[in-house]
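Structural characterization, general
Spelled out from the first residue to the last, the chains are:
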Amino acid sequence: MTRVFNFSPGPATLPEPVLRQAAAEMLDWNGSGMSVMEMSHRGKEFMGIHAEAEDLLAELMGIPSGYQILFMQGGAIGENAIVPMNLIGATGRADYVLTGDWSKKSAKEAKTYGTVNVAATGEASKFTAIPKQSEWKLDPGASYVHICSNETIGGVQFHWTPDTGKVPLVADMSSDILSRPLDVSKYGLIYAGAQKNIGPSGLTIVVVRKDLLGHALPVTPSAFNYQIQGEADSMYNTPPTYAIYIAGLVLKHVKALGGMPAMAEHNARKAKILYDFLDGSSFFRSPISKEDRSLMNVTFWLKDDKLDDPFVKGALQHGISGIKGHRSVGGMRASIYNAMSVEGVHALVKYMQDFERQHG
Ligand SMILES: *Cc1c(COP(=O)(O)O)cnc(C)c1O
């Protein structure tokens, strides 16, 4: 068996011990005589798996009381509609900060449900920098302010928490949730698809301050109504049981490694190796402003884009997969989530050095 270094942006690499445990438990989970996939979501076995995953998430993220954790479906793109359906009804208006493809998509979708104000945009820099808070034009009457904490496609990341006063801050954290310590109390709502840093696709995490509930628009489907899902402990409809089980194993693994401080150190170390190399190279370069560089998705360009295809093909021959950039920005992107090893990043840099020597 050969496992590649998988730099894919998502679904993404998972910790090998988790995959091994899942394989060992595939036919018979814990003496139950069945796979987790085959269990009733209302049986005591699965209820235990579900509760444990929720408790681990609360512990790792330091989620204060007064917040509801929801395990939902529909991904972050689903949440682009579900968030405004549930929250924009408070005042009918919301602020969106545009920092790249994902936040632009969020703002566009929200327009169906209320008035969307673009409070700031990184457009002038072609989304290679996050607009400074001093440039934001916030509406004090907005129901919430929406940001994307890490733009998975462009490669910019918030390294500071915006101050939105009394207006709740909402963040799409799909690609950097659980990558570093976080003060959840600064947010009204956090959402994330699981498939970048938590587990398989199909599970969406929502953490919402309970006092923000109660404003769902009448069109909101019951399965996407945070209040209804919260009252049903995320079991109003059948939850994505297997994805929740794998997420629970990942969370346990992350806790054993030392939780968020350990992840932050591990991720900063990997990103530094890559960015230091890019900064010292005259062949590769990072397009992103230094203070806004993502520690999760490192975007970079080759000197000559005619070499993009040979670079990607050669990488595969070296066991390096998933580094082609998103078609909307071009170039390359190495996604280095929690489960990517330092060894994987060293292998990528070694390959880049060799490629530069050959083609530079
Ligand atoms: C991957 C991603 C999405 C899209 O998630 P889906 O699961 O496809 O809905 C949205 N936002 C961000 C920041 C992402 O990284």
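Keep in mind it's a predicted model, so treat the numbers as computed, not measured.

Further remarks concern the overall build of the protein chain. Helix and strand counts for the protein chain stand at nine helices and 12 strands. The C-alpha atoms of the protein chain give 21 Å as radius of gyration, which agrees with the globular expectation for 360 residues (21 Å, within 12%). Referenced to the eigenvectors of the C-alpha coordinate spread, the extents of the protein chain come out at roughly 60 × 55 × 30 Å. Across the protein chain, every contact between residues at least 6 apart in sequence was considered, and the portion connecting residues at least 24 apart equals 68%. For the protein chain, the computed accessible surface area is about 15,600 Å², with 53% contributed by carbon and sulfur atoms. Taking the average location of the 34 positive side-chain charges in the protein chain and that of its 36 negative ones, the two points are 5 Å from each other.

This part takes up the site of the ligand. Around the ligand sit G75, A76, I77, W102, C148, N150, T152, D172, S174, S175, Q195 and K196, and those are all the residues in its vicinity. Contact distances for the ligand include 2.4 Å between an oxygen atom and a side-chain N or O atom of T152. In the complex, 86% of the free accessible area of the ligand, which totals 390 Å², lies under the protein chains. With three residues, the single largest contributor to the shell around the ligand is helix α3 (residues 75-87). Split into classes, the residues belonging to the shell around the ligand amount to four nonpolar, six polar and two charged.

This part is about the packing of aromatic side chains. Counting across every chain of the model gives 14 aromatic pairs. Consider the rings of F277 and F284, whose centres lie 6.0 Å apart with planes at 50°: the pair is tilted. As far as the burial class goes, F277 and F284 line up, both buried.

So, on to the sheet that holds strand β12 (residues 332-335). Taking strand neighbours across the sheet as the criterion, the three strands line up as β9-β10-β12 in an open arrangement whose pairing is antiparallel. The sheet terminates laterally at β9 (284-285) and β12, the two strands that pair on one side only. One ladder, built from four bridges, connects strand β10 (residues 297-302) with β12; its direction is antiparallel. In the strand pairing of β12, N297 is matched with S335. Contacts from helix α7 (residues 259-280) reach β9, β10 and β12 within the one sheet, and its direction differs from that of β10 by about 20°.

In terms of nonpolar packing, the biggest core is built from 56 residues, with L57, I177, L178 and Y245 touching the most fellow members. In terms of residue count, the dominant contributor to this core is helix α6 (residues 241-256) (10 residues). A domain-level breakdown of this core finds at least three residues from each of domain 1 (17-256) and domain 2 (260-359). In contact with I177, not counting residues within four places along its chain, are M61, I190, A192, N197, I198 and I205.

Conventions and cut-offs
- Residues numbered from 1 in each chain as written.
- Predicted model: local features only at pLDDT ≥ 70, side-chain atom pairs only at ≥ 80, totals over all residues.
- Heavy atoms only, no water.
- Helix = DSSP H or I, 4+ residues; strand = E, 2+ residues; numbered from the N terminus.
- Rg over C-alpha atoms; globule rule 2.2 N^0.38 Å.
- Contact = heavy atoms within 4.5 Å.
- Areas by Shrake-Rupley, 256 points an atom, 1.4 Å probe, with all protein chains shown as cover.
- Lys, Arg positive; Asp, Glu negative; His and termini not counted.
- Charge placed at Lys NZ, Arg CZ, Asp CG, Glu CD.
- Near = heavy atom within 4 Å.
- Polar contact = N/O pair within 3.5 Å; in protein donor to acceptor, adjacent residues only side chain to side chain.
- Nonpolar A, V, L, I, M, F, W, Y, C, P; charged D, E, K, R; others polar.
- Phe/Tyr/Trp six-rings, centres within 6.5 Å; stacked < 30°, edge-to-face > 60°.
- Buried < 20%, exposed > 50% of the residue type's maximum accessible area, 1.4 Å probe, protein only.
- Pairing = 2+ DSSP bridges.
- Axes fitted to C-alpha atoms, helices over the stretch in contact; angles between N-to-C directions.
- Core = buried A, V, L, I, M, F, W, Y, C linked by side-chain atoms within 4.5 Å.
- Domains from an automatic or database assignment.

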